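Below, each chain spelled out in residue letters.
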Amino acid sequence: MSPLEPPRARRVAIIGGARVPFARSDGPYATASNQEMLTAALDGLAERHGLTEPGAVGEFVAGAVLKHSRDFNLARETVLGSALDPRTPAYDVQQACGTGLQAVIAAANKIALGQTESAVAGGADTASDAPLGVNDRLRRILLEARRAKSLGGRAKALAKIRPAHLVPDIPRNAEPRTGLSMGEHAAVTARAWGITREAQDELAATSHRRLAAAYERGFFQDLVVPFRGLARDQNLRPGSTVEKLATLKPVFGLDAPGATMTAGNSTPLTDGAATVLLASEEWAEARGLEPLAYLTAYETAAVDFVGGDVAGGEDGLLMAPAHAVPRMLERAGLGIEDFDLVEIHEAFASQVLATLAAWEKRGLAPVDRARLNVAGSSLATGHPFAATGARIVATLARLLAERGGPGRGLISVCAAGGQGVTAILERT
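What you see is a predicted model, and the numbers here were worked out from it, not measured in a lab.

Caption draft 1: Quick look at the overall build of the protein. The secondary structure content of the protein amounts to 13 helices and 12 strands. Seen through its principal axes, the protein has C-alpha atoms that stretch 75 × 60 × 50 Å. For the protein, with 428 residues in total, the buried portion stands at 55%. Of all intrachain contacts in the protein linking residues separated by at least 6 positions in sequence, the fraction that spans at least 24 positions is 80%. The averaged location of the 47 negative side-chain charges in the protein is 7 Å from the averaged location of its 45 positive side-chain charges.

Caption draft 2: Fine view of helix α10 (residues 321–332). The terminal C-alpha atoms of α10, which comprises 12 residues, lie 16 Å apart, in line with the 16 Å expected from a rise of 1.5 Å per residue. Where α10 is buried, its residues touch β9 (293–302), α11 (349–361), β11 (407–415) and β12 (419–427). In the segment just after α10, G333 is the residue with positive phi, at about 70°.

Caption draft 3: View of the packing of aromatic side chains. With the rule as written, the count across this model stands at 4 aromatic pairs. When the ring of Y29 is compared with that of F227, the centres are 5.0 Å apart and the planes differ by 65°; the resulting orientation is edge-to-face. Separated by 198 residues along the polypeptide, Y29 in the loop between β2 (23–24) and α1 (34–49) and F227 in the loop between α7 (197–216) and α8 (242–245) bring together distant segments of the chain. Accessibility expressed as a relative area gives 0% for Y29, which makes it buried. Judged by relative accessible area, which is 10%, F227 ranks as buried. Geometrically, the ring pair formed by Y215 and F220 is tilted, given 4.6 Å between the ring centres and 40° between the ring planes. For F220, a relative accessible area of 4% puts it in the buried group. Three or more aromatic residues link up through ring pairs in this structure, and these residues are Y215, F219 and F220. The side chain of R19 reaches across the aromatic face of F22, ending 4.5 Å from its centre.

Caption draft 4: Representation of helix α13 (residues 388–403). Across its 16 residues, α13 extends 23 Å between first and last C-alpha, which sits within 8% of the 22 Å expected from 1.5 Å per residue. With 13 of 16 residues buried, α13 is to be regarded as a mostly interior element.

Caption draft 5: Fine view of the state of the cysteines. Under the criterion given, the structure shown has 0 disulfides. You can see C97 has no disulfide; the closest cysteine sulfur is in C414, sitting 6.4 Å from it. A relative accessible area of 4% means that C97 is categorised as buried.

Caption draft 6: A look at the packing of helix α4 (residues 136–147) against helix α5 (residues 151–158). Viewed as axis vectors pointing N to C, α4 and α5 meet at an angle of 170°, and their least axial separation amounts to 8 Å. The orientation of α4 with respect to α5, classified from their angle, is roughly antiparallel. Between α4 and α5, the residues in contact are I141, L142, E144 and A145 and R154, A157 and L158, respectively. Taken together, the residues of the contact of α4 with α5 break down into 5 nonpolar, no polar and 2 charged.

Caption draft 7: Fine view of the nonpolar core. Residues L101, L278, I411 and L425 are the most contacted members of the largest nonpolar core, which totals 48 residues. Ignoring sequence-local partners within four residues, the contact set of L101 consists of G389, A390, V393, I411, V413, V421, T422 and A423. If you look at the next biggest cluster of nonpolar residues, it comprises 36 residues, including I15, V57, A75 and V225.

Caption draft 8: Seen up close, the pairing of strand β1 (residues 12–19). Counting buried positions along β1 yields 8 of 8 residues, so the element is predominantly enclosed. For β1 and strand β8 (residues 270–280), the ladder comprises 7 bridges, and the chain directions are antiparallel. Its bridge partner lying in β8, V12 is registered against S280.

What counts as what
- Residues numbered from 1 in each chain as written.
- Predicted model: local features only at pLDDT ≥ 70, side-chain atom pairs only at ≥ 80, totals over all residues.
- Heavy atoms only, no water.
- Helix = DSSP H or I, 4+ residues; strand = E, 2+ residues; numbered from the N terminus.
- Buried < 20%, exposed > 50% of the residue type's maximum accessible area, 1.4 Å probe, protein only.
- Contact = heavy atoms within 4.5 Å.
- Lys, Arg positive; Asp, Glu negative; His and termini not counted.
- Charge placed at Lys NZ, Arg CZ, Asp CG, Glu CD.
- Expected span 1.5 Å × (residues − 1).
- Phe/Tyr/Trp six-rings, centres within 6.5 Å; stacked < 30°, edge-to-face > 60°.
- Lys NZ or Arg CZ within 6 Å of the ring centre and 35° of its normal.
- Disulfide = S-S within 2.5 Å.
- Axes fitted to C-alpha atoms, helices over the stretch in contact; angles between N-to-C directions.
- Parallel < 35°, antiparallel > 145°, perpendicular 65-115°, else oblique.
- Nonpolar A, V, L, I, M, F, W, Y, C, P; charged D, E, K, R; others polar.
- Core = buried A, V, L, I, M, F, W, Y, C linked by side-chain atoms within 4.5 Å.
- Pairing = 2+ DSSP bridges.

Listed below in structure tokens is the structure:
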């Protein structure tokens, strides 16, 4: 290859994944930091795939959505506290709920271009240990005091502090541009697409039922690492039924009649971490590791959820995958009918159903529900924001490998800020 000839993209193999069981916020992981959870997941991956020798991993890519200032170098600090070679480079990425999948894509791009032979991608989030910011008025006073040139100047600045200034700024699950929570945005979209309460509860019950069945048959044995007394996702309710879910009161969309979204058909605040091992085919073969699947395509999109067609449903906060997936499939020359499995992140049952309806409106074939989230998804596992993408990639790769023959899977992840990250996994 001449110096001017662009490098040929290599196939990127997904070798395996490891995550800690996901826990409801303020529960078993209430005192666990992002770094602690991510280190546990990374160590589980390293142990299962022999990644402890020097130079085994080219780099580590991960992120978190809710980060303390101490987490400014989260990925690198995680490496330094893990079983990986401390010389392993690492860096952070963040794209709200798409973080885990974007980390996978970032790592895959370097492998595809021959810049590294192997990489680990992932993410972690804790809603229990959320950072509390200093009240902005207090922050300004403290900065004024720091800039003062004399002791008297400092005292004069500090004398401005009032009791109200001591109230911390607590992170809110709301969009800065609208002030609405993600659930309230999803309720607007649910109304726009005519999503019924019954359909949402059925999707939620199915997610719990399928996740429970997957645990019972040992599917997660190589994917989940016990942590702090948990061996499976705490949010899982094996006995969940449509009838039980129907008894819950709506919690979102109460500003309009006919509210349909409840705590049962929405994901809870969750703590957890997940990782994925990616590599070139040569790297895997040299170590006797069989790829589960290959990452073959990916696409991102964003919608104008502030000034766009929000009421009509086209630009709902969580509807970007409705635009990304058709673009990706057109580029790949594929249709929905070409996929054996479909994984849609279940931020809310209504959002999944709205996405399915939007795909059909754009000319895609209906998704066979028997192929959708066959091992359960976020409604049952919970949703630690940055960890979800890595969880889905590892789960789908394992599902494709379990089928034995060739297969293809689709991933769709919605994210705050009106964004979406999507991908295709294949097994040949």
